[in-house]
Amino acid sequence: MSRIEHILGELKERGEKALVTFVTAGDPDLETTAQVIHTLVEAGADLIELGFPFSDPMADGPTIQASSERALEAGTTLDGVLALVHKVREHTNVPLVLMGYYNPIFSYGPEAFARDAATAGVDGLLLVDLPPEEAGELQPFLQAAGIDLITLLAPTTGRERMVRLAEAAEGFLYYVSMTGVTGSQKVDAASIREAVSELQASSRVPVAVGFGVTSPEAARDIAQFADAVVVGSALVKIIEENGGSESLLPEVGRFVSALKEAVSSVSIADDAR
C-alpha cells in the first residue's frame, strides 16, 4: 500500500478530510524548503505537493510563476529536488507528490527519473501538461517504481472522458475548480459541488479540489463535499512575503494550522453527497 493510499484511507476511516499543501521547491532555496516542509507537517498537512521549477510554467498564475523563477535563480534543479526529498524522508512519512511539467522529466529520462524518484521517496507525480492519454512513455516506469501518476480534471472535461479517467486513476484525482491559471480567482464551492459529487461516484480513488482556495473558510466550504482540499498560491504568497526572515516558519505554521482546523471541522458524516 502506498503512502498516499494509506493516509487517505486512514483519514476516511476516521471520518476526516485531507489537507494538501503546495510549495515550490527551492523558493527561496532548498534548505529553507526543507524547513518549510517540516513546518507543514507539524502544522497538520496530510500530503505535500512539491513543485519542481520550470522556466515556462504555463498553467500557473503570477504567484507560483514568480516562485518558480526565484527557485531557478537560486540554482534549483530536478536533481536537487530529488535530493531534498531524500533528505526530508529521513524525518517524515507524509506523502510527497512532485508537481510540475514534463520537459524536465523528459530531459532527465523517464526511466531514470522513475527509478531515482522512488529511491528518494517520492510517492506521486502530477504533470499539468501531460494528458493521461499521452503518458505511455512514462507511466509504466512510474508504476514499476510504485509512484502514482496523479490525474488532473477540470470543469471543461467531458463526462465520458471524466468517467474513464476516474476509473483508472491512481493515488487521488485532482479536480481543478475553475478554468484559467492558479491563483487567478477565488473558488466558488457551490458551483462545483455537483460536478465533484458525480466524479466521486465514478472514481476508485479520493477526489481533491484545488485552485482558488485562499483561506480557511474556503477550505472548509470545499471540505463539505471533497475528499481533500489543496492550497497552493496562498501559501506560496506567504513564503514570498516572508522569505529570508525569522517570521517565515511561524507564519506558514499559523496559516496551515488554521487550514487544518477548518478542514477538520468537517466530517464525512456532515458530507451531504
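Scroll up to find the structure this text is about.
Residues numbered from 1 in each chain as written. Predicted model: local features only at pLDDT ≥ 70, side-chain atom pairs only at ≥ 80, totals over all residues. Heavy atoms only, no water.

This brings us to unusual backbone geometry. Residues apart from glycine generally show negative phi values, whereas peptide bonds are mostly found in trans. Residue Asp27 is joined to Pro28 through a cis peptide bond whose omega torsion reads 0 degrees. With respect to the element layout, Pro28 can be found in the loop between β1 (18-24) and α2 (30-43). Of note in the backbone geometry, Phe211 takes a positive phi value of approximately 80 degrees without being a glycine. On the secondary structure map, Phe211 appears in the loop between β8 (207-210) and α10 (216-223). Phe211 gets classed as buried once you look at its relative accessible area, which sits at 11%. (Helix = DSSP H or I, 4+ residues; strand = E, 2+ residues; numbered from the N terminus. Buried < 20%, exposed > 50% of the residue type's maximum accessible area, 1.4 Å probe, protein only.)

Bringing the pairing of strand β4 (residues 124-127) into the picture now. Burial along β4 is two-sided: Gly124 and Leu126 facing one way and Leu125 and Leu127 facing the other are all buried. Bridge count between strand β3 (residues 96-100) and β4: four bridges; the pairing is parallel. Bridge pairing in β4 links Met99 to Leu126. Strand direction decides the pairing type here: β4 and strand β5 (residues 148-149), joined by two bridges, are parallel. Following the sheet pairing, Leu125 is matched in β5 by Leu149. For the crossover that starts at β4, traverses helix α7 (residues 139-145) and ends in the parallel β5, the hand is right-handed. (Pairing = 2+ DSSP bridges. Right-handed = clockwise from strand over helix to strand, strands pointing away.)

Going through the model one piece at a time under the given rule, you end up with 13 salt bridges. Of the charged contacts, one joins Lys260 and Asp46 as a salt bridge, the two residues approaching to 2.7 Å between their closest N and O atoms. Linking Lys260 in helix α12 (residues 248-264) with Asp46 in the loop between α2 and β2 (47-51), this pair joins segments that are 214 residues apart in sequence. Look at Lys260 and you get buried, because its relative accessible area is 13%. The exposure class assigned to Asp46 is buried, which follows from its relative accessible area of 10%. Here Arg161 makes a salt bridge to Glu133, at a shortest N to O gap of 2.7 Å. Taken together, the residues span a long stretch of sequence, with Arg161 in helix α8 (residues 159-167) and Glu133 in the loop between β4 and α7 at a distance of 28 residues. On the accessibility criterion, Glu133 (43% relative accessible area) is partly exposed. (Salt bridge = Lys/Arg side-chain N within 4 Å of Asp/Glu carboxyl O.)

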